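Commentary on secondary and tertiary structure
Given next are the chains, with one letter for each unit.
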Amino acid sequence: MSPLFEVQNLNKSFGGLAVTNNVSLSLAAGDRLALIGPNGAGKTTFVNLVTGNLLPSSGTVRLAGQEVTRRNAMERVRLGLVRSFQVTRLFYEMTPEEHVALAVLQREGKSGRMVGRYQAMPQVMDEVRDILHLLGLLELSHLKVREIAYGQQRLLEIALALALRPKVLLLDEPAAGVPQSETARIEQALDKLPPELAVLMIEHDMDLVFRFAKRVIVLAAGTVIFDGSPQDVTQDARVREAYLGSYANVGSAA
Amino acid sequence: MAASMNQTLAAGAPASRNIVGSLAGIATIIVIGIIGYYLFPNNLALLTRIIAIALLVLSIDLVTGYCGVATLGHAALFGAGAYAAGIASAHYGASDPLLMTLIGALAGAVAGLISGLIILRAHGLPQLVLSIAVIHLFHEAANKASSWTGGSDGLSGIAPTALLGLFEFDLWGRTAYIYGLALLLIVFVLLQLLVRSPFGMLARGVREDPLRISAMGASVQSVLLRMYVISGVVAGIGGALTAISTQVVGLDSLSFTLSAESLVMLVLGGTGSLYGALVGTVAFMWFEDVVSAANPFHWLTMVGALLIAVVLFAPRGLYGTAAALVQRVKGGRA
Ligand SMILES: Nc1ncnc2c1ncn2[C@@H]1O[C@H](COP(=O)(O)OP(=O)(O)OP(=O)(O)O)[C@@H](O)[C@H]1O
Ligand SMILES: [Mg+2]
């Protein structure tokens, strides 16, 4: 049986600089994988490549047995490959409720309806409330997103992804920019992700990585330099070198 | 228990407020329409013109205000409706006003589809340039096809029959005005439904962050193109109304000037709200009429001064700024 999500020999360079270097990895249902690496290692670029936001120079991306390398971003989403953004991308004039409703409607193929309102669709509303409740955002559901704190916007990013009911979820630094006091909320949200969902999380906070991931991949200068268990990653000489070599202070900054 | 009470209240309140709000809006349009009718009985032609242009400005609001597409070529959709309705009557004897309106709406939709396909290939400044190119192409096409359009002499020979077989289009323009008002009301109500529908929400999402929309699995291009076609229907109805009420169609209805002026009206009233489009049109055209009568030499200067004042001191437009003020006063009391 082929894995749920499989990337083979992915390559990308920007003007001669190889940002993704022969990267391969695969995920099965229920996996919890952390993708780490120093700043500029190419982690976000990797997500952009596999989701169809960027075109790779070579390599293949497979989702549920189907090759999607040339499919556009929205088709991949419809096939169950969903991402979150490192820097929050939300609709600042809309409410959290509208965000999640839009995602649910989109998933159900109802987002093109030109009459009627989602508030009058009980099934949609039930699901919207459930998701907002799960992420502790119910209280804020009628505020505009620009009025809510950044930590809560990060949670809404996750809520949006969940509302699309992905099979594979790529989280790009879900806790980035969230004050230390609020990371617990994010972690709770991660704990409550559906167990069968395959999750790849990019994260600098090693404590979070250790608690979340069963497996860690380290990317440095676009190349996979480690693939193994969280226990082994700190002992690995190449990993230490990569972090020390490029960003000596990454441990304390993260 | 308390939490679920709050939820129902929170979910129920905006819905009922919306309904009250839209009924109040419709009532306002009707009242202003009636006041206009009795206050300016000799000026109904101008009022009808305002209604036709208001339809054009609403149509621009759909793509610019709701979807964030910059366009200086939107009169193409309006002019297509005007010419199609006019040609149907002048050349084919299809002179029933309802039929002419329908033909105008269809032609507007087709023009919307064509301009959308061209304009949506680019973003930002190149998009604006494409929209200007589109309006010039439409203008030239109408100019060259003079056996159909009358070229620079304009299309004449349009003779709409009685509305519903009952109401002749009289010399004072009463029938045309009332017909225009009815069209505006119908369009306005339908657009209110549209902008609050899931599709309307999707469009607002496209305006704010297209990349996020595609990350949700929706096609930005398809949203924009559908909105362009709807926008074409609205502008086309406005164009048909002009053809019916003035019984001539000139190249000015397909002009860059009209495109630019109507965008200005939208900005004046406030983008992204249907009321803003109406307020902007009425304010601009009324101001233009008053000032050009009072001082035919400097009226453009004054219109320019008004615009600068609005953009500097009320950047959200007349309606947008007023609505924000009301909100703040309400918020302060609550
Ligand atoms: N569109 C682009 N054009 C040119 N260079 C780019 C582009 N996007 C990213 N890069 C470069 O590619 C490299 C990898 O960037 P990327 O954002 O993938 O790193 P990252 O691992 O996500 O880093 P961080 O931890 O800071 O988020 C960087 O050197 C970056 O400057
Ligand atoms: Mg990154």
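Residues numbered from 1 in each chain as written. Chains lettered and ligands numbered in written order. Predicted model: local features only at pLDDT ≥ 70, side-chain atom pairs only at ≥ 80, totals over all residues. Heavy atoms only, no water.

1. Regarding the packing of aromatic side chains
Going through the model one piece at a time under the given rule, you end up with 5 aromatic pairs over all chains. Summarising the aromatic geometry, the rings of Tyr92(B) and Trp148(B) are spaced 6.2 Å apart at their centres and angled 40° between planes, so their arrangement reads as tilted. Highlighted residues: Tyr92(B) in helix α3 (residues 75-92) and Trp148(B) in helix α6 (residues 146-149), separated in sequence by 56 residues. By relative accessible area, which is 57% here, Tyr92(B) ends up exposed. Through a chain of ring-to-ring contacts, the aromatic side chains of Tyr37(B), Tyr38(B) and Tyr177(B) assemble into a single cluster. Lying over the aromatic face of Phe85(A), Arg89(A) brings its terminal NZ or CZ to 5.6 Å of the ring centre. (Phe/Tyr/Trp six-rings, centres within 6.5 Å; stacked < 30°, edge-to-face > 60°. Helix = DSSP H or I, 4+ residues; strand = E, 2+ residues; numbered from the N terminus. Buried < 20%, exposed > 50% of the residue type's maximum accessible area, 1.4 Å probe, protein only. Lys NZ or Arg CZ within 6 Å of the ring centre and 35° of its normal.)

2. A word on the nonpolar core
Grouped together as the largest cluster of nonpolar side chains are 151 residues, with contacts concentrated most on Val100(A), Val216(A), Val218(A), Leu58(B), Leu62(B) and Met227(B). Counting residues per element, this core draws most heavily on helix α2 (residues 44-65) of chain B, which supplies 14 residues. Contacts of Leu58(B), omitting those with residues within four sequence positions, involve Leu184(B), Leu191(B), Val234(B), Leu274(B), Ala277(B) and Leu278(B). Of all hydrophobic cores here, the second largest spans 25 residues; its members include Leu27(A), Val47(A), Ile217(A) and Leu219(A). (Core = buried A, V, L, I, M, F, W, Y, C linked by side-chain atoms within 4.5 Å. Contact = heavy atoms within 4.5 Å.)

3. A look at the environment of Asp126(A)
All names here are of chain A. Summarising the element assignment, Asp126 is placed in helix α4 (residues 122-134). The exposure class assigned to Asp126 is partly exposed, which follows from its relative accessible area of 43%. Expressed as a C-alpha distance, the spacing of Asp126 and Ala101, which sit 25 residues apart in the sequence, is 9.9 Å.

Keep in mind these values describe shape, not function.
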